[in-house]
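Observations on chain architecture
Next come the chains, spelled out residue by residue.
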Amino acid sequence: MEAASYIPKNQNPKLGETAFWQAPSNIALVKYWGKYEPQIPANPSLSFTLSHCKTKTKVTLQEKAPHLGSQVAESQNGTSEFSFDFKFEGTAKPDFHPKIKAFFNRVHSYLPFLSEYHFSIESENSFPHSSGIASSASAMAALSLCLLDLSGEFPEKGDSFYGKASFLARLGSGSASRSIQGPLMQWGNTPSIEASSDITALKYEEIHEVFRSYQDSILLVDKGAKVVSSTVGHGLMENHPYAAARFAQAHSQIALLAKALKSGDLPSFIHIVEQEALTLHAMMLSSSPYFILMKPHTLSIIEKVWAFRKETSVPLCFTLDAGANVHLLYPEQQREVVVQFIENELVAHCENEQYICDSVGTGSSPVFE
Ligand code: PMV
């Protein structure tokens, strides 16, 4: 698909209507790191969609003017084109307005009604505040789903609806394109996956049963704000001495991972996933300026995971985001033994002994009140 094919011929928004959607977070197995305008990934990625960590967003379509909310948005954003108000967990959050405005600007040609109405947006997360878990993926996915639903372009919520929602979400935050469906999503053109695309993520279907109920326990090592925003992080790949090799590696990792996902080959899965996590951090360690996003506790957890796996042969592995938290990935069957291991040996490395047990999920859904 070309981006131009997402420009609608016909949209049918209705004043007073409300759309209410929830979208989950996701954790990349093959990491997206590096991008070009407009949000085109420098390399392909593949992720597990999560289940419990999610954002719920409600958007109501109102008359554009004269509306008090629109005046607030106008005076603070210095724009008269878009009109919206935004509440997060019940509180007005004007500091989010520039992000929403930038997103509206990016998707305007695909949702022309954005400049015609006032949008009242309310959002909440199921995961704790400042847990260091990226919320932009679930937030941008939920907002995109609401806006597309309100546009009235797709009375049926089928593949075309979810495809365009992923396309829109990508323009908000790259990884958000992968938060629409599940249990696995692939984004970024790559020769080994026929329908792969740089502009929209696809539900990745060819997987062994074991991966449909995979677990992700997120160990909250550092709940502070990210040291490096993902925008800055992607930018660091521009003049990175190892960029070309990294981008090429991601293509081969996807091809190898596809085989392991199909056959249920856990040793290969573990090898690829851990190598990807460490490569992402290696890119940050070797960029200019350079960063260390892991904390001493991150390394202690990794060492304990390796020792535990060697001792018990439990197929437990880790992955990392662009931060210090550790995601532990394992088959559902091993839940009891892994949770025991976390309780006995790993909670001591978590801030306030906090961790979140999540699992792979099927993606976004409408919320019925
Ligand atoms: O979607 P962004 O711009 O926040 O980037 C996400 C980057 C990583 O989380 C580090 C990797 C990924 O593929 O999700």
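For every chain, the first residue of the written sequence is number 1, and numbering continues from 1 onward in sequence order. Reporting in this predicted model follows two pLDDT cut-offs: at least 70 for local features of residues, and 80 or more for side-chain atom pairs to be given and counted; totals over whole chains, interfaces and linings ignore these cut-offs and use all residues. Water and hydrogen atoms play no part in the side-chain values, which are based on all heavy atoms of the structure.

1. Some remarks on the overall build of the protein chain
Scanning the protein chain for helices and strands turns up nine helices and 14 strands. The globule rule is 2.2 Å times the number of residues to the power 0.38, and the radius of gyration it is compared with is taken over C-alpha atoms. Taken over C-alpha atoms, the radius of gyration comes to 20 Å for the protein chain, in line with the 21 Å a tight globule of 369 residues would show. Overall size of the protein chain, expressed as C-alpha extent along the three principal axes, is 65 × 45 × 45 Å. Buried residues in the protein chain amount to 55% of all 369 residues. We call two residues in contact when some of their heavy atoms are within 4.5 Å. A fraction of 75% describes how many contacts in the protein chain between residues 6 or more apart in sequence connect residues 24 or more apart. Each helix is a run of DSSP H or I of at least 4 residues and each strand a run of E of at least 2, with the numbering of both proceeding from the N terminus. Throughout, exposure labels follow a simple rule: accessible area from a 1.4 Å probe, protein chains only, divided by the maximum for the residue type, with under 20% read as buried, over 50% as exposed, and the rest as partly exposed.

2. Description of the site of the ligand
Here a residue counts as near a molecule or strand whenever at least one of its heavy atoms sits within 4 Å of it. Neighbouring the ligand are 13 residues; Tyr-32, Ser-175, Arg-178, Ser-230 and His-234 lie closest to it. Under this definition, polar contacts are N or O atom pairs within 3.5 Å; protein pairs additionally need one hydrogen-donor-capable and one acceptor-capable atom, and for neighbouring residues in sequence, both atoms have to be side-chain atoms. Residue Tyr-32 places a main-chain N or O atom 2.9 Å away from an oxygen atom belonging to the ligand. Side-chain polar atom of His-234 to an oxygen atom of the ligand: 3.0 Å apart, as the coordinates give it. Only the protein chains shown count as cover for residues, and all accessible areas are computed by the Shrake-Rupley method using a 1.4 Å probe. Summarising the interface, the protein chains cover 93% of the accessible area of the ligand, which totals 390 Å² for the free molecule. Each residue is assigned to one class: nonpolar for Ala, Val, Leu, Ile, Met, Phe, Trp, Tyr, Cys and Pro, charged for Asp, Glu, Lys and Arg, and polar for all the others, Gly among them. In the shell around the ligand, the residues fall into four nonpolar, six polar and three charged. Throughout, the edges of the domains are those of an automatic or database domain assignment. Looking at which domains feed residues into the shell around the ligand, each of domain 1 (3-207) and domain 2 (211-359) gives three or more.

3. Some thoughts on the nonpolar core
Joining through side-chain atoms within 4.5 Å is the link that ties buried Ala, Val, Leu, Ile, Met, Phe, Trp, Tyr and Cys residues into a set, and such a set is a nonpolar core. Core analysis: the biggest nonpolar cluster contains 43 residues, and Phe-104, Phe-119, Ile-121 and Leu-147 have the highest contact counts within it. Taken together, the elements giving at least two residues each to this core come down to β1 (18-30), β4 (45-63), β5 (83-88), α2 (97-107), β7 (117-125), α3 (136-151) and α4 (159-172). The dominant element in this core, judged by the number of residues it contributes, is α3, at ten residues. Apart from residues lying up to four places away in sequence, Leu-147 is in contact with Val-59, Phe-103, Phe-104, Leu-111, Phe-113, Leu-114 and Phe-119.

4. Some words on the pairing of strand β11 (residues 317-320)
Because side chains alternate across β11, one face comprises the buried residues Cys-317 and Thr-319, and the other comprises Phe-318 and Leu-320, equally buried. By definition, two strands form a pair when at least two bridges between them are found by DSSP. As paired strands, β11 and strand β12 (residues 326-330) are joined by four bridges and run antiparallel to one another. Residue pairing for β12: Phe-318 is matched across the bridge by Leu-328. Counted along the chain from β11 to the antiparallel partner β12, the turn is five residues long.

5. Section: the sheet that holds β12
Neighbouring strands of a sheet are bound in pairs by backbone hydrogen bonds; such pairs are parallel or else antiparallel. Spatially, β11-β12-β10-β13 is the arrangement adopted by the four strands of the open sheet, whose pairing is antiparallel. Whereas interior strands pair on both sides, the edge strands pair on one side only; in this sheet they are β11 and β13 (355-359). When the angles between neighbouring strand axes are averaged without regard to direction, this sheet yields 25°. Here strand β10 (residues 215-219) runs beside β12; their pairing, made up of five bridges, is antiparallel. Paired with Gln-215 across the two strands is Tyr-330, which belongs to β12. In the packing of helix α7 (residues 266-285) onto the sheet, the strands contacted are β11 and β12, and the crossing angle to β11 comes to about 30°. Angles here are taken between N-to-C directions and fall from 0 to 180 degrees, while the axes themselves are lines fitted to C-alpha atoms, restricted in helices to the stretch in contact. Along the sheet face, helix α8 (residues 296-312) touches β10, β11 and β12 and points at about 155° away from the line of β11.

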